[in-house]
Amino acid sequence: MRNQIDPYLDIQNRITGQIGALAEALPHCALAQIVQGIDDIRCLARDNGFSAVETLASRLESAVAGGGYRAAILTYLDAMSDAAAVPRGPLPSAAQEAWLASVAVRLGH
């Protein structure tokens, strides 16, 4: 009998795997590679209903592309990894704000 992986868990593992790979590669990546990695995660999350991850990735992508914030990337990636465990589906605006506020708290703002 074949082991079948739950499609939800498969996508969740892909997202967290990409987040982990990007976090490990950060010291050796150019800014363009970081932005591309974040965009890849955002698209995977969007296409599979991981709204919390998509929201965080979108904000991180904008922040990094707009002016650096390289020091905050790991904080965002940690939050995105946590968000991958949230049930899929639309994310109310209050929940989006809560995830973004969690990053601000982690950054000490």
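The residue numbering used here restarts from 1 in each chain and proceeds along that chain's sequence as written. The predicted origin of the model limits local features to residues at a pLDDT of at least 70 and limits the giving and counting of side-chain atom pairs to 80 or more, whereas totals for whole chains, interfaces and linings rest on all residues. The side-chain values count all of the structure's non-hydrogen atoms but skip hydrogen atoms and water molecules.

## Focus: the packing of helix α1 (residues 7–25) against helix α2 (residues 31–47)
Short version of the rule: In this analysis, axes come from line fits to C-alpha atoms, helices being fitted only over the stretch in contact, and the angle between any two N-to-C directions falls in the range 0 to 180 degrees. The helix and strand labels rest on DSSP assignments: H or I over at least four residues marks a helix, E over at least two residues marks a strand, and numbering proceeds from the N terminus. Working definition: roughly parallel below 35 degrees, roughly antiparallel above 145 degrees, roughly perpendicular at 65 to 115 degrees, and oblique for all remaining angles. We call two residues contacting when some pair of their heavy atoms lies within 4.5 Å. Under the convention adopted here, Pro, Cys and the residues Ala, Val, Leu, Ile, Met, Phe, Trp and Tyr are nonpolar, Asp, Glu, Lys and Arg are charged, and Gly plus all remaining residues are polar.
As a packed pair, α1 and α2 sit with axes 10 Å apart at the nearest point and diverge in direction by 170 degrees. Between α1 and α2, the interaxial angle falls into the category roughly antiparallel. Contacts from Arg-14, Ile-15, Gln-18, Ile-19 and Leu-22 in α1 reach Ile-34, Gly-37, Ile-38, Asp-40, Ile-41, Leu-44 and Ala-45 in α2. Per-class residue counts for the contact of α1 with α2 are eight nonpolar, two polar and two charged.

## Digging into the packing of aromatic side chains
Inclusion rule: Any pair of Phe, Tyr and Trp rings, taking the six-membered ring for Trp, is counted once the centres come within 6.5 Å. Such a pair is stacked with planes under 30 degrees apart, edge-to-face with planes over 60 apart, and tilted for the rest. Categorising residues by exposure relies on relative accessible area from a 1.4 Å probe, with only protein chains included: less than 20% of the type maximum marks a residue as buried, more than 50% marks it as exposed, and the intermediate range marks it as partly exposed.
All told, the structure shown has one aromatic pair when counted by the stated rule. Between Tyr-8 and Phe-50, the ring centres sit 5.3 Å apart and the planes meet at 15 degrees, which makes this aromatic pair stacked. Here Phe-50 lies in the loop between α2 and α3 (51–67) and Tyr-8 lies in helix α1, a separation of 42 residues in the sequence. For Tyr-8, a relative accessible area of 18% gives the class buried. We classify Phe-50 as buried; its relative accessible area is 2%.

## Thoughts on the nonpolar core
Note the following rule: Residues belong to a common nonpolar core when they are buried Ala, Val, Leu, Ile, Met, Phe, Trp, Tyr or Cys residues joined through side-chain atoms within 4.5 Å.
In terms of nonpolar packing, the biggest core is built from 32 residues, with Ile-15, Val-53, Leu-56, Leu-60, Leu-77 and Met-80 touching the most fellow members. Those elements that place two or more of their residues in this core are α1, α2, α3, α4 (73–83) and α5 (93–107). Residues within four places of Met-80 in sequence aside, it is in contact with Ile-19, Ile-41, Val-53, Leu-56, Ala-57 and Leu-60.

## Points about α1
Selection criterion: Expected helix span is computed as 1.5 Å times (number of residues minus one). What the arc measures is the spread of directions leading from the helix axis to the C-beta atoms.
Its 19 residues place the ends of α1 27 Å apart at the C-alpha level, agreeing with the 27 Å of an ideal helix rising 1.5 Å per residue. Along α1, the residues classified as buried are Tyr-8, Ile-11, Gln-12, Ile-15, Ile-19 and Leu-22. Within α1, the buried residues cover an arc of 105 degrees as seen down the axis, which keeps them to one side. For α1, the exposed residues set more than 90 degrees away from the buried face come down to Pro-7 and Glu-24.

Read these as geometric descriptors, not functional statements.
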